[in-house]
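Structural overview
Chain by chain, the residues run as shown.
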Amino acid sequence: MRRTICVLAALAGLFLAAARAGEPAKPEPSKPAPVFRLTGAITIDGKLDKPCWKQAQQVRVDYIFGKIGELSAEPRAVAKYAWDEHYLYIGYETFDRNLVAIGTGEKQGPPGNRREGCEISVEGKKVDVVEFFISLGDESFFWEIHHNAANQLNDIWCTILPRDHPVYSSTMSTWGIHFAHQEYLQDEGAYTLAMAVQLKPKADGKPSTVNDDSDVDTGYTAEIRIPWAALGVPRDRQTWLDADTGQPVNQNTKKRAPGPWKMEGLVLPILAVVQDGDSKDRYHHSSPTFKGGWFHMGAAEWPRYVLTNGP
Ligand SMILES: [Ca+2]
Ligand SMILES: [Ca+2]
Ligand SMILES: [Ca+2]
């Protein structure tokens, strides 16, 4: 009897192995790429000549939308990421030969740090914009950020509910995504959202021009600084300081100020996207495996990064 059970178990094992062999192999999730900590404070001026950007790994934003793993023959954009205990930093560069940037005319943000939004699509205009989808590890909740050559910025908190959830198919969730446009990235005390742009020089040495197609531009570089608190990071990474003495305190202390965030080791998916209104292939992005469709629905395919202390 015992022998029969053993033989049956072995046969079942063989069938299972055969079934597994017939399944398409699931690709292993790629190892997160390191993002290095800043070695000193930086001024957000849009210039990528700082040591942190020289040491940061380059992220190619050259994958052609809808063509899995296929890179553009010419560079479209490069993104770089860095961090410290208060901020995520994004640096990027475009190579656009005709810069177009259109503002929404509407401002958002906290008092003292309000910023104009940017249009991402305008009928009859060849709008350019760079986008970042930043998740703190959850594929259903994340920020979508748009930025352009005129230093205009949108920040949209996106929520994707399960398909069988009533809100998924409600008016709150167009195309299955709830776009919270009116939300904005919050400052944390003295730690504020900042961004800046530098237009790259043209062949004649003068800066590229925005919304003037009589010349040949070379693109621009940009920096965006986002407080960790704004992005929705885990609260157990937060610390507090005594507002008077600057000494570490617990969160029940009345006169407290934001302390350093303990961010080392955090893994976060970030997708970078560049839109060039002049290009036949309008969208390029940074994911080697994204299939197409809504970027929002493909968070599992966004490249992942891990915050590390240094190279
Ligand atoms: Ca363009
Ligand atoms: Ca917003
Ligand atoms: Ca121009």
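The structure contained in this document is the topic of the report that follows. (Residues numbered from 1 in each chain as written. Chains lettered and ligands numbered in written order. Predicted model: local features only at pLDDT ≥ 70, side-chain atom pairs only at ≥ 80, totals over all residues. Heavy atoms only, no water.)

Observations regarding unusual backbone geometry
Of note, N151 is a non-glycine position whose phi angle comes to about 65°, a positive value. Within the element layout of this structure, N151 appears in the loop between β9 (141–147) and β10 (153–159). Within the chain, W175 stands out as a residue other than glycine whose phi angle is a positive 55°. One can find W175 in the loop between β10 and β11 (178–180). (Helix = DSSP H or I, 4+ residues; strand = E, 2+ residues; numbered from the N terminus.)

Side note on the pattern of salt bridges
Enumeration over the complete set of coordinates arrives at 14 salt bridges. Between R97 and E74 there is a salt bridge, with the nearest N and O atoms lying 3.1 Å from each other. Taken together, the positions of R97 in the loop between β5 (87–94) and β6 (103–108) and E74 in the loop between β3 (63–64) and β4 (77–83) put the pair 23 residues apart, joining distant regions of the chain. Under the relative-accessibility criterion, R97 is labelled partly exposed at 49%. (Salt bridge = Lys/Arg side-chain N within 4 Å of Asp/Glu carboxyl O. Buried < 20%, exposed > 50% of the residue type's maximum accessible area, 1.4 Å probe, protein only.)

Quick look at the sheet that holds strand β16 (residues 256–258)
The 3 strands are arranged β15-β14-β16 in an open sheet whose pairing can be described as antiparallel. Bordering the open sheet on either side are β15 (248–249) and β16, each of which pairs with just one other strand. As judged from the 3 bridges shared by strand β14 (residues 240–242) and β16, these two strands associate in the antiparallel manner. Of the residues in β16, the one forming a bridge with D242 is R256. (Pairing = 2+ DSSP bridges.)

Describing the coordination of the calcium ion (ligand 3)
In the first shell of the calcium ion (ligand 3), the protein supplies T209 (O), T209 (OG1), D212 (O), D215 (OD), D217 (OD) and D217 (OD), at 2.4 to 2.6 Å from the metal. Its 6 donor atoms give the calcium ion (ligand 3) angles of 51 to 153° at the centre, a pattern that matches the irregular case. Here the donor residues of the calcium ion (ligand 3) share one chain and are spaced in sequence as T-x2-D-x2-D-x1-D. This pair shows no difference in class: D215 is buried, exactly as D217 is. (Donors = N, O, S within 2.8 Å, 3.2 Å for Na, K, Ca; no water. Tetrahedral: all angles 85-135°; square planar, octahedral: opposite > 155°, others 65-115°.)

Let's talk about the sheet that holds strand β2 (residues 59–60)
Strand order across the open sheet formed by 5 strands is β2-β4-β5-β13-β12, with antiparallel pairing between neighbours. Each edge of the open sheet is held by one strand with a lone partner, namely β2 and β12 (194–199). Across 7 bridges, β5 lies against strand β13 (residues 220–227) in antiparallel orientation. Opposite L88, over in β13, you have I226 as the bridge partner.

Here we look at the pairing of strand β8 (residues 129–135)
Summarising burial for β8: 7 of the 7 residues are buried, a large majority. The side-chain alternation of β8 yields two buried faces, one formed by V129, E131, F133 and S135 and the other by V130, F132 and I134. Pairing analysis gives 6 bridges linking β8 to strand β17 (residues 267–275), with the strands arranged antiparallel. From the neighbouring strand, V129 faces β17, where its bridge partner is Q275. Bridge analysis of β8 against β9 gives 6 bridges, and the strand direction is antiparallel. Counterpart to E131 in the pairing with β9 is H146. The hairpin turn running from β8 into β9, its antiparallel successor, is 5 residues long, and G137 in that turn takes a positive phi close to 110°.

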